[in-house]
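Analysis of the macromolecular model
Here is what each chain is made of, one letter per residue.
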Amino acid sequence: MVYPYISTSADLLKSTVRLDELFPFLKEQGTAAVAIVNTALYGVLPFWEACYKAGIHGVLGFSTSIEFEEQHYPVVLYAQSNTGYANLLKISSALATRKRESIPEQWLNAYQEGLICVIPDGLEWTLTDRSEIFDYISAIFGERCYGSIQRPGGEISESEEDFIAVCKSKSLPIIATQEVRYLKKEGAFAHEVAAAIGQGLKLSDDQRISPQHTNAYAPTADEMKNWFSDRPEWLSAAEKMLESCIVTIQTNRQLLPVFPLAKEINKADYIKELCQQGVKERLGRASIDSEYLSRLEYELDVIGTMGYIDYFLIVADFMKFARNEGIMTGPGRGSSASSLVAFSLQITDVDPLEHGLLFERFLNPERVTLPDIDIDFADHRRHEVVEYVARKYGQARTAQIITFGTLSAKAVARDTARVFGFDNEDLEAISKMIPNRPGTTLRSALKENKALNDWIIAQEERKTWFKTAIQLEGLPRHASTHAAGVILSPTALVDYVPIEEGNEGIYLTQWPMGDLEAIGLLKMDFLGLRNLTILEQIQRLVKWDTGKLIDYRKISLDDQKTYGLLAEGDSSGVFQLESDGMRKALRQIQPTAFGDIVAVNALFRPGPMEFIPLYARRKHKLEAVTYVHPILEPILKETYGVIVYQEQIMKIAAQMAGFSLGEADILRRAVSKKKREILDQERVNFVNGALKKGFKESEATEVYDLIVRFADYGFPKSHAVAYSMISYQLAYMKANFPVHFYTAMLGNSTGNAEKTKQLLQEVKEKNIPLLPPSVQKSFSSYSIEEGKIRIGLNSVKGVPGTAVKALLASRMEGEFTSLFNIAERVSAIHFTRKAFEPLIKAGALDDFGLDRGVLLASLDSAVKHAELVRPDLEPGLFDDTGISFMKPKYTKASPIPENLKLDLEMEVLGFYLSTHPLQREKEQRQKNYDDLKSLKHKRDKDRVIVLGMVEEVKRIRTKKGDAMAFVNLQDDTGPASVTLFPEEYAKFNALLLEDAILEVQGIIENRNNRTSIICKNIGN
């Protein structure tokens, strides 16, 4: 039994055939050969590997069209040999990168070698006399040309007789086939729904392309024989044709890119010279001491032996490009920060010897793997580096990596419902009943949510909907671009992998990351990191404001202001250190050195977190540091006897058991898997090694048990050091350049109301003056003005970006003199009520010395003025000086009351600018209230009285069915959460109104690093 045409689910929404279901079925049928036939070369490698695993002969096909006399004729091309497979890669890539629907004659002639062309029995081939196209294809493929006939469900098509006659007249052999798009007959409807999702249409839409029949399932061997009982020779021909297709996809090789150097240059000598010079520059020394020299020579020897010199040169080159272009790069990421070569080539900014990092954690000579240097760039300029690489190494050798989005539980439920024609109310109900939680399936959602079950069984259509959605769940839905991955190939990519059109002139692979790595192509991650963008912005602000250029690589790691800031837990806006839990850890540890930041970054994870209090106590000499054996002291001294890093485990194995660092890395990996047989075997190796070095068996066993205990907890120190540098740099700028720090942070928080409020509260606490938005002085984002922060015009809600740009461009010609002057200078295109009403409410026009009520009352007149004087961007009724000869007058109006003024500020800015209503309320009440910001410093059960404004009320029911509520309060110092249990809720529910000002009495509860008030009484 053979299957010449299996379309798999990798062919986005054109098939529902999953490999994990297909291959058990194929084995059941005693399948000798099977071909994958998709409309792109998606899913080829997983199919190929599944065939190999199942012991079934795999064949690679491609469903496409041939162009002849401006007509398109469908065919299936099969790779008969490795040459044919190579040509299939080229044809698929050419069609996908040039957006061609069909293969033109020139391409077909160029790439026909090693391919079989199969012509299907279809209307395109039999509607009229097609002799010329048959002759054209026969001339190109000769004996490698076949006709194919399918009889879905055993039904013979009306065109079969005519097709047989044409094939006979052209001496074309015929094969029996069956286009399989779903595994079982009952899968027809789900496939039709999947196709409708792909087309973006409902089942009821007339323009939807419907399946030709409902029998595109995989027949059993007996069914296939029955369908073609009168033509057994067609079945034999199909088997013979598939068995003639012998292709090998090479895996487990290294397809490393090549760095362009003149032939006469020895690459090993070249990189050695670069590294030696780089180390001298990095360390600021005229010569290299023996420790650095021997480490450098060792690393270069390993890199050279593994064949990775070109790779390092390539990375060093694009990092040099980034530096020269002023693109902020990260200090390192992952294990690559362990390399002195990387440090000397300025790939990383981490000196591995200074920080005790092990090269074997990155490249292990005893376990050869591809190097993995991931680079962080300022996120808004990452694309420039990718484009540079594409230019340097050629568009044909460079590509970004495809990823496939799948139909998650919620997505498939909504997409299927949309295709069924469910109304918006139903779609909304579905969204609410299926959680967003990762790992959620439709079955798990149904199990945990009775409301979903009740909703489904209420109508028959909903039952069908759910059954269909379950069949489609998890299928690939769409293709997109991997956020970071870039592939560089030693020759044209199409020699190894199919490609398609990508973004900004850079191709996209048709295969995802795992498949690319399997065939040996090297992936490099170019990651965009927002925190680097913020550091770049702070650097630019300092330079603009003071003329001083901050070089982050040269700032002191001993700055006491920085450690003081962190010890207070004042770490909002600081990379990796922002969360409440992390702030608590910082307050416990009280960092005094860079190593403390590295340790807290490594420890703050589930599991190791339990050692933070121990680390803190030992650091502050509240508890003695103990070691199970004295040999551990030099290794664990930096972390007060706690194993924090994977590198420490490696050093222990090397010191005590005599392992090489490569062997120690293998031990670390093995032990972390927690498999009993591996643990026992490694225990024997470790103890034997320790005995040879003169240690007692009991000592070795105790230390090995310690390694096993901490193997799961160990964090790569290289990564912790590299990322802690970014943490430190941001903390340093916050401590030493707070105005510049907050200006950059606020600019990056535009649109995030909660984050903006938090930052503004800190600005207020640090007594940094905040200036209102101003049409005369503001820029688009937050800016610095004489040591104060000026709110940017983009922060005002509802103002179009185009209006802001027009305003700023016009201001370059001189200050505005009035509301009407703005109107006539920016033109009626940009001067609209929608654009300028929010600016007036925010106080951006207060510079004209008029009450906001007058400005709002005059706005319509100003809009009419703009329409009359300058309706568009062309010069209007202006004189040579650009000033209108018309002088409209402001409309008289009463001043806006203070309360309304504040409400309008909140409406357009998301925060109170002039003053906070609670501030005035507290002054009027003349009582001592606890500031909400102070609650995090209170202890459990402390009594508090607070005054706050209700922002949000979340009402729920307990397991007993009693009503209770969680209330978000806000005062002029920050937010707080208040819990009302059923007894208090019953008393005070009527007071829980949005924007109500409440006096709450209660007690403090600290749980899960969050502080809240348990309400006991409420007044207003």
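Residues numbered from 1 in each chain as written. Predicted model: local features only at pLDDT ≥ 70, side-chain atom pairs only at ≥ 80, totals over all residues. Heavy atoms only, no water.

Applied cut-off: UniProt positions are given in the numbering used here, feature names are shortened, and annotations may be inferred rather than shown by experiment.
Looking up the protein in an unreviewed UniProt entry gives the name DNA-directed DNA polymerase, with the organism given as Metaplanococcus flavidus. Here the protein is described in UniProt, under the heading Sequence similarities (unreviewed entry), as follows: "Belongs to the DNA polymerase type-C family. DnaE subfamily."

Description of the sheet that holds strand β21 (residues 1010–1019)
Across a sheet, paired strands are connected by hydrogen bonds in the backbone, their directions being either parallel or antiparallel. This is how the line gets drawn: The pairing criterion is simple: DSSP has to find at least two bridges between the two strands. Helical segments are the DSSP runs of H or I of at least four residues, strand segments are the runs of E of at least two, and each set is numbered from the N terminus. Only the stretch in contact is used when a helix axis is fitted, and all axes are lines through C-alpha atoms; the angle between N-to-C directions ranges over 0 to 180 degrees. Here, residues are in contact when the closest pair of their heavy atoms is within 4.5 Å.
The five strands lie next to each other as β17-β18-β19-β21-β20, forming a closed barrel whose pairing is mixed. Geometrically, the sheet is characterised by an average inter-axis angle of 50° between neighbouring strands, direction not taken into account. In this structure, strand β17 (residues 943–957) lies alongside strand β18 (residues 963–971), joined through eight bridges in antiparallel fashion. Each bridged residue has a counterpart across the sheet, and for Glu-952 the counterpart in β18 is Asn-968. Packed on one face of the sheet, helix α40 (residues 917–925) meets β17, β18 and β20 (997–1007) and runs near 135° to β17.

So, the packing of helix α28 (residues 646–657) against helix α31 (residues 697–710)
Cut-off, in case you're wondering: By definition in this entry, angles of less than 35 degrees are roughly parallel, angles greater than 145 are roughly antiparallel, angles of 65 to 115 are roughly perpendicular, and the rest are oblique. Each helix crossing is assigned a hand: it is left-handed if the near helix lies turned anticlockwise from the far helix by less than a right angle, otherwise right-handed if that turn is clockwise. Note on residue classes: Ala, Val, Leu, Ile, Met, Phe, Trp, Tyr, Cys and Pro are nonpolar, Asp, Glu, Lys and Arg are charged, and everything else, Gly too, is polar.
Where α28 meets α31, the closest approach of the two axes is 11 Å, and the angle between their N-to-C directions is 165°. The pairing of α28 with α31 is recorded here as roughly antiparallel in orientation. At the point where α28 passes α31, the crossing takes the left-handed sense. Contacts from Ile-649, Ile-652 and Met-656 of α28 reach α31 at Glu-699, Ala-700, Val-703, Ile-707 and Phe-710. For the contact of α28 with α31, the per-class residue count stands at seven nonpolar, no polar and one charged.

Considerations on the pairing of β17
Where β17 and β20 come together, seven bridges link them in antiparallel fashion. Considered in β20, the bridge of Arg-943 is made with Ile-1003. The antiparallel hairpin formed by β17 and β18 contains five residues in its connecting segment, where Gly-961 sits at a positive phi of about 95°.

As for the UniProt feature "domain: OB" (unreviewed entry) in the protein
Per the UniProt annotation, the sites labelled "domain: OB" (unreviewed entry) are residues 945–1018. Taken end to end, residues 945–1018 has its terminal C-alpha atoms 10 Å apart, with 9% of it in helix and 66% in strand.

Some points on empty space enclosed by the protein
Quick reminder of the rule: Here a cavity is any set of points on a 1 Å grid over the protein atoms alone where a 1.4 Å probe fits but cannot get out, and a pocket is any open set with protein on both sides within 12 Å along at least 5 of 7 lines; a residue lines the site when it has an atom within 4 Å of a point. Grid points are joined across faces, edges and corners, and a volume is the space filled by probe spheres set on the points.
Applying the stated criterion across every chain yields a total of one cavity of 30 Å³ or more. One number sums up the size of the largest cavity: a volume of about 40 Å³. Surrounding the largest cavity, Gly-330, Pro-331, Gly-332, Arg-333, Ser-336, Ile-347, Thr-348, Ile-373, Asp-374, Ile-375 and Asp-376 form its lining. Looking at the lining of the largest cavity, its residues break down into four nonpolar, four polar and three charged.

Some thoughts on the pairing of strand β8 (residues 374–378)
Within a regular strand, the side chains alternate between the two sheet faces. Basically, it comes down to this: Each residue is placed in one exposure class: buried if its accessible area under a 1.4 Å probe, protein chains only, is under 20% of its type's maximum, exposed if it is over 50%, and partly exposed if it falls in between.
A large share of β8 lies buried, amounting to five of its five residues. The pairing of β8 with strand β13 (residues 522–529) spans five bridges and is classified as parallel. If you follow Asp-374 over to β13, its bridge partner there is Asp-525.

A short note on the sheet that holds strand β10 (residues 476–488)
Judged by pairing direction, the sheet is mixed, and its six strands sit side by side in the order β8-β13-β10-β9-β12-β11 without closing on themselves. At either margin of the open sheet sits one strand with a lone partner, and together these are β8 and β11 (499–503). Here the average twist between neighbouring strands, direction ignored, is 50°. Across eight bridges, the pairing between strand β9 (residues 398–406) and β10 is antiparallel. Paired with Ala-399 across the strands is Ile-487, a residue of β10.

What to know about a negative patch on the surface
Here is the rule we go by: Patch members must show over 30% relative accessible area and no salt bridge, and they are joined within 9 Å when carrying like charges or within 5 Å when they are nonpolar side chains of Val, Leu, Ile, Met, Phe, Trp or Tyr. Areas reported here follow the Shrake-Rupley algorithm with a probe of radius 1.4 Å; residue values treat only the protein chains shown as occluding. Here, a salt bridge means any side-chain nitrogen of Lys or Arg that lies within 4 Å of a carboxyl oxygen of Asp or Glu. Positive charge is attributed to Lys and Arg, negative charge to Asp and Glu, and no charge count is given to His or to the chain ends. Every charge is mapped onto a representative atom, which is NZ of Lys, CZ of Arg, CG of Asp or CD of Glu.
Residues Glu-69, Glu-70, Asp-129 and Glu-132 make up a contiguous surface patch of negative charge. For Glu-69, the location among the structural elements is in the loop between β3 (57–68) and β4 (71–79).

Some thoughts on the environment of Gln-29
Locating Gln-29 in the fold gives a position in the loop between α1 (19–28) and β2 (33–38). Excluding anything up to four places from it in sequence, Gln-29 contacts Met-1, Tyr-3, Thr-220 and Ala-221.

Quick look at helix α11 (residues 267–283)
Worth spelling out the cut-off: Helix span is expected to be 1.5 Å times the residue number reduced by one. Arc definition: it is the arc formed by the directions from the helix axis to the C-beta atoms.
Between its first and last C-alpha atoms α11 spans 24 Å; for 17 residues at 1.5 Å apiece the expected length is 24 Å, and the two agree. Listed as buried for α11 are Ile-271, Cys-275, Gly-278 and Val-279. The arc enclosing the buried residues of α11, seen along the axis, measures out at 100°, which places them on a common side. Opposite its buried face, α11 presents the exposed residues Asp-269, Glu-273 and Glu-281, each directed more than 90 degrees away. Residues of α11 that are buried sit in contact with α12 (290–306), α13 (309–324) and α14 (340–344). Just downstream of α11 lies Gly-284, where phi reads positive at about 65°.

Side note on the nonpolar core
Note the threshold: We call a set of buried residues a nonpolar core when its members are Ala, Val, Leu, Ile, Met, Phe, Trp, Tyr or Cys and they connect through side-chain atoms within 4.5 Å of each other.
In terms of nonpolar packing, the biggest core is built from 134 residues, with Phe-686, Ile-822, Phe-831 and Leu-845 touching the most fellow members. Sort the elements by how many residues they give to this core and helix α32 (residues 717–736) lands first, with 12 residues. Contact partners of Ile-822, with chain neighbours within four places excluded, come to Val-775, Leu-807, Phe-816, Phe-831, Phe-836, Leu-845 and Phe-848. Tyr-73, Tyr-136, Trp-234 and Leu-516 belong to the second largest nonpolar core, which has 81 residues in total.

Some remarks on the pattern of salt bridges
Under the counting rule described, the total for this entry stands at 56 salt bridges. Here Lys-463 and Glu-460 are joined by a salt bridge, their closest N and O atoms 2.9 Å apart. With Lys-463 and Glu-460 both in helix α20 (residues 460–472), this residue pair falls three residues apart, about one helical turn. The class of Lys-463 is partly exposed, set by a relative accessible area of 28%. Linking Lys-927 and Glu-999 is a salt bridge whose minimum nitrogen-to-oxygen distance equals 2.9 Å. With Lys-927 in the loop between α40 and β17 and Glu-999 in strand β20, this pair connects stretches of sequence that are 72 residues apart. Where salt bridges share partners, they join Lys-764, Lys-922, Asp-931, Asp-971 and Asp-972 into one cluster.

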